[in-house]
Each structure stands twice: as C-alpha cells, then as structure tokens.
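# Per-entry structural report
This is what each chain is made of:
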Amino acid sequence: MANHNSHAHDEHESHGSLKSYVIGFVLSIVLTILPIVVVMNDMMDKTPTIIFILIMAVLQFVIQLFFFMHLREDKKPRYNVMALIFGLVILVTIIAGSIWIMTYNAVG
Amino acid sequence: MAHTAAPHGGHGPNDHGHHDDHHDHESIKVLGFWMFLITDVILFGTLFATFSVLHNSTNGGPTPHEMFEMPGVIAETFILLTSSFTSGLAVLFMHKGNKKGLIGWLIVTALLGASFIFLEVSEFLKMVDEGVKISTSGYWSSFFTLVGTHGLHVSVGLVWMIALMIQIGKRGINPVTKRKVTIISLYWHFLDVVWIFVLTVVYLMGVM
Amino acid sequence: MFKDFMDFMLNDFFITGDPLILGAQVSIGLSMVAIVIALTYFKKWRWLWTEWLTTVDHKKIGIMYVIAALLMLFRGGVDALLIRTQLALPNLEFLHAGHYNAIFTTHGVIMILFMAMPLMFGLFNIVVPLQIGARDVAYPYLNSLSFWLFFFGAMLFNVSFVIGGSPDAGWLAYPPLSELSGSPGLGQDFYIWGIQISGIGSLASGINFVVTILKMRAPGMKLMQMPMFTWSVLSSSITIMFAFPILTVTLFLLFIDRYLGAHFFTLDGGGNPMMYINLIWMWGHPEVYIVILPAFGVFSDVVSTFSKKKLFGYKSMVFALMSISFFSFFTWAHHFFTMGSGADVNAFFAITTMLIAIPTGVKVFNWLFTMFRGRITFTQPMLWTLAFIPCFVVGGMTGVMLSVAPADFQFHNSYFLIAHFHQVLIGGVVFGYFAGLYYWWPKMFGFKLHDGLGKWAFWLWNIGFYVCFMPQYALGLMGMTRRFNEYNFDMGWQPLNVVSTIGAFIMGLAFIFQVWQIAHSIKFLKKEKSGDAWGDGRTLEWSIPSPAPMYNFARLPEVSSSDAWWEEKQRLANGGEPKPLAPLEPIHMPRNSGIPFIMSVFFFIAGFGFVWHWTWMLVPGLIGVGCCLLARSFDYDTDYYIPVDEIERTEAALKGVR
C-alpha cells in the first residue's frame, strides 16, 4: 500500500541504507573491542581508563543514534531530538547530582 | 520557534484522502514511541545513579571483581550488538517491500536476543549458586536490579517481536505493520545502547 | 478450614476493632450495594459500559477524572478534619498515635496524587483538544488506559483503609521507617502499588499531551499562538515525562527491598536510606511544579477573558512557564538541607531555589498588568483568580525564606513548613483548579454553576484558609513540629491550634456549599443557549456548542492569530463577512475499547497479589495484563469514519444551542 505513495514527505522517512548500517556496525564493534582490550590487559591507570571507556561508550551511543536510529532523518521540526537533548541533560543531572550529594552520606 | 503544524498536524482537515490520514497517524505514533524511549532513558538513568552510589556497598561480602566472568559478558555484548544490526537489516528489507527478508531477519534478531537472555540467565544462576543473591548487599541489589531490568526489557521485546512476525505473516507489509517494525527496531537499538553502558559502568569498571 | 478462613478474614484481612473504620466499612459496603441495585433497577449496566467504561472520548474521560478527584477531595478533606480535631486541644485522645500516623499519610498521598493530579488531568482532557482545535488527543486509547490505571491505583490505595491496614510512614514513605523493619504491615505495600499503578497512567498521559500539543494543532496555529493554558499543559506534561520515571524506579527499589530482601535503603547490608530521600525528591520537587503550572495557565486564560484584554507579556509568560519546568529539576536537595550534604551542595541548591522564584514573579506582574485598565467582570472564576494572587505571593515569599539553607535548619519540618506548602498548594493549585472548573463547567455540561452559593463557598474557603494556616506559621516558629499527634499544656500552643482547627472546619463547610451548589445547579438547570457561555471567550473552545459534539469540530478551524475566537468575533462585529463554510468531510474517529478497563482490573489484581504476597493471584494478574497488551496489538480495527450525513444531522440538532 505504501509503496505507491508518492507524496513528497514519504521520501525523507527514516530509511537508512545498507551502507550506513554496515558502517555503523563496524564502528560499533571497534568501539566495543577497544575498551574491553584496554581494561582486560590493564593498559592504563584507573582514572584514565574510566575516562577512556566512558568516552568510547558515549561515542558508540552517538554512532548508533545516527547510523541505526536515523535520528537526523525525521521531518522538521525534530521534536524527538529536542526531547532527547533535554532528556540527556536530566539524565546527567540525576547521575552526577546523586553522586555529588551522596558522597557526603556514603555507606560501606 | 514558530512552526506550523499543518499539513502534517493530526487528523487531516486538508485535502489529502483517507490514505494520508493514516500515514500521519502512524508518524505520530513513532514520535510518541521516541518520547517513551526518552522516559526509559530516565528510568535507566535512575538505576545507574543508584548503582553508582552503591558501587562500594558490598558490606564486606563478595566483590564484583571476584564474581564477574568476562568471557560470557563479552559474548553477550557481541550477540546483542549483532542483533541490533540484524534488526536494522529487517527494516531495510521492509522498505524494499520484501516480506520474506523482513521476517527472516526478524527471526535472526529474535534468536540472537533469545541467546542473549539465555547467557544472562545462566550467568545469574551461576552467581546465585556461588552464593551471591539480590539480598547479599547493597551492591548486588543494585547489580541484579539494573542488569535484570535490561534483561526484562529484552524479554518483553522478544514476545513483542514474535507477535509482530505473526501479524506481518497474516497482513503483509502495510503502513501499520511498517510503523510497528520501525518502532520495535528503535526499541532494539535502544536496548543495545543501554547494554553498552551496562558493560562499561557495571562490568568493565567492576573488574578494574 | 472454615474457621481458619474466618480467623484470617477477621484478624488479618479486614481491619477490625475501630469504630471509625467499622463505620467506613459499613458505609462503603452499603453504598456499593446501593450502586449495584440502582444500576440494575434502571437497567443502566449497558449504558455504563458503552458510554463511560469503554469510552475513548477525551471529554468523557475528563469528566470521569473530575468526579474521581472530587471524591478524593472529600476523603482527603475528612482526613484533614480528623487531624485538626486531634490537634485542637492538648493531650487529646481522639485518635491514637498509630491511627494518626495513618491519617496524615493518606491525607498527603491522596491530596497530591489522587486529588490534584486527576483534577489536573481532567482539565487537560476537557480543555486542551478543544483549545487547539483537535478532535481528540494524539492517543485516545492510551488516554483511556491512563484514566483506568489512575482509577484502579487510587482504589488499591484507598482499600487499605478497610482491608489490610493503611500506610503510616508519611506521604513520601522515607526508609528505614517504610522498610520491612519499620513497617512490617501491609500498608506500605498498598502505598507502593497504589502509587505505582496510577503513576504509570500519569506518565502515559504526560507523553500523550506533549505529542497532542506538538502535533495535533488546528491548521495554521503556530506554537506562539497557542492559548496560555495549552502552554502550561505542555510545560507540565514535559515535566511529567522526565520526572515520573524516577518515581517508578524509586518505588520499585523500595518494593524489591520489602519483597526480595534487597538492601537499597536498609540500614544493614550496605543499604543507604538517604539515597531514597535523594531519589524521591528528584521526582517530588518537579511534581509540585507539575501541579502548579496548569493552575498558572488557568489564571492566565481567566484573567484575559474577564479583563477583556489580551494577556500582558505573552512571550515572557511562555518563557517563564518553560524555564520553571526546566529549573524544577535542579532544586530537589532543598527538601533535605538538614541531611548534612556539606556547604557546597546546600549553597548550590539554595541558589537554584531562589532563582526559580524569578519566573514566578514575572507571571504575577503579567497577570496584574493584564487587569490594569481592563474592564473586569467579577465572575466566579475571576474571584478565585483574584484570591490566588495575594495568597500565592505570601506562600512564595515564605518559600524563599525556606530556601535559605542556614535558616532552613530552624524551619525544617516545623509547622512553618506545613503552612508554607499548604499556602502554595491550596492558594495556588486548589484555587487554580476551582477557577478552571467554574470557568469550563459550562463547556463540560452546558450549564453554569449557581452564582450565589458559589460566592458563599468562595468566601468560606478564603476565610477558612487564612484562619487555618496563618496561625501555623506562628506555631512553627514557636517550635511545633509536624507529625506529632499530641502536645502538652505547657507548650503554649493551644490557643493557636484551636484557631487553626476552626479554620479547617470553615473550609469543610465551604466544600459542603460547593456540593450544594452543584446539586442546586443541576436541579434548577438553566441550559446555556450559546457555546460562548461567558460571552467573552477568546479561544477556540468557545466557538463550538456546549457540551461539544463527539467530534468537537465539524470543520477544523483555520487559525492565524492567538485569541482566534475573539479576533473572529471582532472581525464579524466590525462588519466582516462570515467565512465561507468548506464542505463537510467524513471524520476519522477512534473506536471505543474495553481493553483499558480490563487491563487496569488485571493491574489491580496483580497489585493486590503483590501486597499480600499471593503468588496465585499476582501471576494471573500479570498474565492478564500481558494478554490485554497482545489483544490490542492484534486488533487492527481501531478506528472508523463518521459519514457526512451523520455530521449534518448532529450539527442541525445542535443549531438550537449554538
């Protein structure tokens, strides 16, 4: 039914291509292997390792958002992008805020 | 700031026929699912916050360093990552109108998801066997809750995916089933992203 | 066997041995029997099912929310009167300590979660689609599910009063008191599941209204042309979306502690009770803004309607609403300054708390400037708005006093705090929703509420409010702390407590006047002839008949300015030509569905099973929920078209009342 839908807005629906999926997949694998190798072989000190593996995770998040979830290919205005950005701000607040406040009340 | 809602806004008042009406409906549902996923981000964020605060609360009991067995976890990671990729392939075939390819890749995705759950459950059972339970200490409470909530999400996704395959088998590819596949693939990619953070924050930082 | 069963029923299942609760059990039983008999006698079961229980119409769902909220206002109000009676005199033995704990706990939970929230969702449902020129919300089926989840969650919570035992660990259930070690009874489990089930519904509603407002507006209506109430709903719904998942997780963790013996918030096993307080206020603080923001929206619409002027400072109002919903996520720690989080944490959260007062102040000036040189008519909604402004300003100022962290060490958990939050919640939220109810009542039902009785209720509410809560500021400074069920003569608190109790009963009297007002207005019903009941309506909801037909708008309006209906009336009054009517088209509508109701019943069953640790009950409940989800997924016949001739017939019938 939708195949013979010729309206203009159908074109920029979130399709993606095989190429984008393969690039995303390869990048994800690299970004997963790197932190595992670094941690399992004790290649760095503790703090740099934590920073490094967190950066790798965030990068992979970005890769999947763009190559798998096609964040940018939705119609404008991109309310999902706006909501996601706000959500990430709240997410960081929850985690960083909890850790900050609870350092004064640590148990164990 | 000032964007017009028309002509995509809601039940079409405009001169599109019923068909387009339907199309708008489906795109609104995809947006709603994005919103749901973002609330799920907050849900996992709260669990991660709890985990981070309690990450030293082993109460003198077993530590993650002693308990984690990385080979299994690494296998789980690559299985889930591959299933995220195959669910993308399913969407690709759907847009080509290839029903067999769509169902085929969905089956592959579901099988990979099922083996992920199998590995996770056996990991949990082994831990319980070795004497680590949800009631062992604050650390293990938050570990089982965080990782278990992710596993529960994957399991729900599996049931949903099977229901969806039956519907596609019966009804073929139409705007409604298309929207449903789009949504479940978003869900699946999202769960993969959450797992990457579980791997990083729970497992990799745990064995460091 | 039978004896065991009876033993269980009388000793564990039902609460026995308290005359107050026995009275409640008897009256609940009798009224349930009466409802069943009445429905059977008048043959209304089918009507109830097809018209109400399965409806997906936002207007009917809104009415059900309002009815449920008013019932809950009654229950929460009775709780309040019991509290005030106990505190009227020193060493009174009206309620024993355990019962007193249960009553202040249920009073708080019911008023915030089962009164303010549903009243708010009721107004959302009734007003938003009409204001933005839509035929329903974005997800009508989900909307119905939200309502029934709220309803059965509220029922599960309320049933604890007569079955199993009420929660008694305070409205936010701080551990370790709310843990198994502190509350071994079932009350706390009722608390967890009652709130959890209705919370899922609230979260879904939040998503629903965000998408409705973003995507369902009438053609041409830009965001910056939306009525202010719709803006306030958007800001409130966004806040719901980001705050409620935190509540879900927090309660879930407490549940795991109690059910599986985990150690999140316990004192032993490496748990940390402070983490619960940190998490619950990450939801709890945004929650108070969730309920107050729509009240701000109501006041904005009411003020401009009854001053016959455009709202002053539209853009600054939008900015204020949105920045409040953003900043509400950065102030939570001010609820536990005394926890000992160090000077930097306390300083940060004190400053953010003071900052959030700024956009609120902006709004007050906007309302004042809207009234300035306006032609004000003193209708009931306008009276509530006028009473709100001074009340909220005082409540807000005492809030700023509380935000000063060092001073808070004195105010914390004293009656000063109690007076402060009742002043912003009654003076802000309750007055706001009353203003909204009186304002949109003719749109909901097609008749106005009696003016004279309404004014009696208004003055009694206001006098009662100040008599009740002003003394509590002083009591707080005199050292009276919250949640004490008795005090000694030598504390010197008696005179002010007597005054406060008198004030509470004046508010109770005011509520009776409102019930009388509604009954009187129904009995001597004067049907509204015009859809524009106040004559000064500015926004789209006043352009259609009251009550609105099922599809709201026969033709979707084209909007090119804010205050669209007012502009159109002005244009016609200045001799403009009526716009040519476009031909009618079939209207796409969602079908009614029984699944939301049935699924919520299964949620109730599962929740009840979890409370009692009855696996035989919770497993079927959860399976039922899953089956309902699947049944919906396999249902492809979810909507239909209303044919043109049916629309024509409906419109012709409505001509008389237009």
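Nothing here was measured: the structure is a model prediction, and the numbers come from that model.

### A word on the overall build of chain A
When you go through chain A residue by residue, the secondary structure sums to three helices and zero strands. Reading chain A from its N terminus to its C terminus gives the helix and strand order α-α-α. Within the span of chain A, comprising 108 residues, buried residues form 44% of the whole. Long-range pairs, those at least 24 residues apart, make up 58% of the contacts in chain A with a sequence separation of at least 6. Here chain A displays about 5800 Å² of accessible surface, and carbon together with sulfur accounts for 70% of that area.

### Considerations on the overall build of chain B
Across its full length, chain B carries six helices and zero strands. From first element to last, N terminus to C terminus, chain B shows the α and β order α-α-α-α-α-α. Every one of the 208 residues in chain B was classed for burial, and the buried ones make up 63%. Considering only contacts in chain B between residues 6 or more positions apart, those separated by 24 or more positions represent 79%. Of the roughly 7000 Å² of accessible surface on chain B, a fraction of 67% belongs to carbon and sulfur atoms.

### Observations concerning the interface of chain B and chain A
With 53 residues of chain B at the contact, the number on the chain A side is 55 residues. Buried area between chain B and chain A, summed over both chains or domains, comes out near 4700 Å², and the portion from carbon and sulfur atoms is 79%. One can count zero salt bridges joining chain B with chain A. At the boundary of chain B with chain A, the tally comes to one residue pair in polar contact (both at pLDDT 80 or more). Only α1 (18-53), α3 (70-95) and α6 (175-207) of chain B provide two or more residues apiece to the side of chain B that touches chain A.

### What to know about a nonpolar patch on the surface
Together, Leu18, Val22, Val26, Val30 and Leu34 of chain A make up a nonpolar patch on the protein surface, roughly 380 Å² of accessible area in all. Within the fold, Leu18 of chain A resides in helix α1 (residues 18-40).

### Some words on the interface of chain C and chain A
Contacts between the two partners involve 29 residues from chain C, matched on the other side by 17 residues from chain A. When chain C packs against chain A, the two sides together hide about 1900 Å² of surface, and 78% of this comes from carbon and sulfur. Summed over the shared surface of chain C and chain A, the result is zero salt bridges. The tally of links from chain C across to chain A stands at two residue pairs in polar contact (both at pLDDT 80 or more).

### Focus: the nonpolar core
Membership of the largest hydrophobic core comes to 289 residues, with the highest contact counts inside it found for Phe143 and Tyr203 of chain B. Looking at this core element by element, the count peaks at 20 residues for helix α9 (residues 273-306) of chain C. Non-local contacts of Phe143 of chain B, meaning those with residues more than four positions away in its chain, are made with Phe51, Phe68, Glu123, Phe124, Met127, Gly148, Val202 and Tyr203 of chain B. Of all hydrophobic cores here, the second largest spans 13 residues; its members include Leu82, Leu95, Phe104 and Tyr415 of chain C.

### A closer look at the packing of α9 of chain C against helix α14 (residues 415-445) of chain C
All names here are of chain C. Two elements in contact, α9 and α14, have axes whose closest approach is 8 Å; the angle formed by their N-to-C orientations is 50 degrees. With respect to α14, the axis of α9 lies oblique. The two elements α9 and α14 cross, and the hand of that crossing is left-handed. On the side of α9, the interface is formed by Val291, Ile292, Pro294, Ala295, Val298, Phe299, Asp301, Val302, Thr305 and Phe306, while α14 contributes Val424, Leu425, Gly428, Val429, Phe431, Gly432, Tyr433, Ala435, Gly436, Tyr439 and Trp440. Residue classes in the contact of α9 with α14 are distributed as 16 nonpolar, four polar and one charged.

### Things to note about the pattern of salt bridges
Residue and element names in this part refer to chain C. Across all of its chains, the model carries 18 salt bridges over all chains by this definition. Measuring nitrogen to oxygen at the nearest pair gives 3.7 Å for the salt bridge that ties Lys3 to Asp7. Of this pair, Lys3 and Asp7 both sit in helix α1 (residues 2-13), four residues apart, which is roughly one turn of that helix. On the accessibility criterion, Lys3 (59% relative accessible area) is exposed. With a relative accessible area of 35%, Asp7 lands in the partly exposed category. Residue Asp79 pairs with Arg75 through a salt bridge whose shortest N-O separation is 3.7 Å.

### Section: the packing of aromatic side chains
Counted according to the given criterion, the structure contains 106 aromatic pairs over all chains. Ring centres of Trp100 of chain A and Phe348 of chain C lie 5.6 Å apart, and the angle between their planes is 80 degrees; on these two criteria the pair is classed as edge-to-face. Taken together, the residues Trp100 of chain A in helix α3 (residues 79-102) and Phe348 of chain C in helix α11 (residues 342-371) connect one chain to another. Relative accessible area serves as the criterion here: at 37%, Phe348 of chain C is assigned to the partly exposed category. For the cation-ring pair, Lys96 of chain B lies above Phe93 of chain B, with the distance from its terminal atom to the ring centre recorded as 5.5 Å. A cation sits over an aromatic face here: Lys44 of chain C above Trp47 of chain C, 5.1 Å from the ring centre.

### Describing helix α2 (residues 19-41) of chain C
Residues and elements named next belong to chain C. For α2, with 23 residues, the first-to-last C-alpha span of 32 Å sits near the 33 Å given by 1.5 Å per residue. Among all positions in α2, only Ile21, Ala24, Gln25 and Leu39 are buried. For α2, the elements touching its buried residues are α3 (45-53) and α5 (97-131). Downstream of α2 by one or two residues, Lys43 has phi in the positive range, about 55 degrees.

### Overview of unusual backbone geometry
Residue and element names in this part refer to chain C. Of the consecutive residues Pro175 and Pro176, the connecting peptide bond is found in the cis state with omega at 5 degrees. Tracing the backbone shows Pro176 in the loop between α6 (140-159) and α7 (187-215). A cis amide bond links Ser546 to the next residue, Pro547, at an omega of -15 degrees. We note that Arg373 has phi near 60 degrees; this positive angle belongs to a residue other than glycine. Note on Arg373: relative accessible area 76%, which makes it exposed. The phi torsion at Asp563 lies on the positive side, around 55 degrees, for a residue other than glycine. Looking at where Asp563 falls in the secondary structure, it is placed in the loop between α16 (494-523) and α17 (564-573). Looking at Asp563, the relative accessible area reads 14%, which means it is buried.

### Looking at the environment of Val499 of chain C
Residue and element names in this part refer to chain C. Its location among the elements puts Val499 in helix α16. Since its relative accessible area comes to 35%, Val499 is described here as partly exposed. Separated by 331 residues in sequence, Val499 and Asp168 place their C-alpha atoms 27 Å apart.

### Observations concerning the environment of Ala106 of chain A
Residues and elements named next belong to chain A. Turning to its location among the elements, Ala106 is positioned in the segment after α3. According to the relative accessible area criterion, Ala106 is exposed, its value standing at 63%. A sequence separation of 57 residues divides Ala106 from Thr49, and the C-alpha atoms of the two residues are 24 Å apart.

### Let's talk about the packing of α6 of chain C against α7 of chain C
Residues and elements named next belong to chain C. The interhelical angle for the contact between α6 and α7, taken along N-to-C directions, is 160 degrees, at an axis separation of 8 Å. In this view, α6 runs roughly antiparallel relative to α7, as classed from their interaxial angle. Remark: the crossing between α6 and α7 carries left-handed chirality. Each of Leu142, Asn143, Ser146, Leu149, Phe150, Gly153, Leu156, Phe157 and Val159 in α6 lies in contact with α7, whose residues at this interface are Phe190, Tyr191, Trp193, Gly194, Ile197, Ser198, Ile200, Gly201, Ala204, Ser205, Asn208 and Phe209. Of the residues contributing to the contact of α6 with α7, the split by class is 13 nonpolar, eight polar and no charged.

### Remarks on helix α2 (residues 46-68) of chain A
Residues and elements named next belong to chain A. When the terminal C-alpha atoms of α2 are compared, their 32 Å separation across 23 residues agrees well with the 33 Å that a helix rising 1.5 Å per residue should span. Among the residues of α2, Thr49, Ile53, Met56, Ala57, Gln60, Phe61, Ile63, Gln64, Leu65 and Phe68 are the ones counted as buried. Taken from the residues just after α2, His70 is the one with a positive phi, measuring 50 degrees.

### Brief notes about the side chain of Ser205 of chain C
Residue position: Ser205 of chain C is located in helix α7. Look at Ser205 of chain C and you get buried, because its relative accessible area is 0%.

### A look at the state of the cysteines
If you walk through the whole model with that rule in mind, you get zero disulfides over all chains. Not part of a disulfide, Cys627 of chain C finds its nearest cysteine sulfur in Cys628 of chain C, a span of 7.1 Å.

### Focus: the confidence of the model for chain A
Overall, the predicted model of chain A reaches an average pLDDT of 82, with 81% of residues at or above 70. Throughout residues 1-14 of chain A the model reports pLDDT below 50, and contacts reaching past four residues in sequence, or to other chains, amount to 27 contacts.

Cut-off values and rules
- Residues numbered from 1 in each chain as written.
- Chains lettered and ligands numbered in written order.
- Predicted model: local features only at pLDDT ≥ 70, side-chain atom pairs only at ≥ 80, totals over all residues.
- Heavy atoms only, no water.
- Helix = DSSP H or I, 4+ residues; strand = E, 2+ residues; numbered from the N terminus.
- Buried < 20%, exposed > 50% of the residue type's maximum accessible area, 1.4 Å probe, protein only.
- Contact = heavy atoms within 4.5 Å.
- Areas by Shrake-Rupley, 256 points an atom, 1.4 Å probe, with all protein chains shown as cover.
- Buried area = accessible area lost by both parts, 1.4 Å probe.
- Salt bridge = Lys/Arg side-chain N within 4 Å of Asp/Glu carboxyl O.
- Polar contact = N/O pair within 3.5 Å; in protein donor to acceptor, adjacent residues only side chain to side chain.
- Patch = residues over 30% accessible without salt bridge, like charges linked within 9 Å, V, L, I, M, F, W, Y side chains within 5 Å.
- Core = buried A, V, L, I, M, F, W, Y, C linked by side-chain atoms within 4.5 Å.
- Axes fitted to C-alpha atoms, helices over the stretch in contact; angles between N-to-C directions.
- Parallel < 35°, antiparallel > 145°, perpendicular 65-115°, else oblique.
- Left-handed = near helix turned anticlockwise from the far one by under 90°.
- Nonpolar A, V, L, I, M, F, W, Y, C, P; charged D, E, K, R; others polar.
- Phe/Tyr/Trp six-rings, centres within 6.5 Å; stacked < 30°, edge-to-face > 60°.
- Lys NZ or Arg CZ within 6 Å of the ring centre and 35° of its normal.
- Expected span 1.5 Å × (residues − 1).
- Disulfide = S-S within 2.5 Å.
- pLDDT = per-residue confidence, 0-100.

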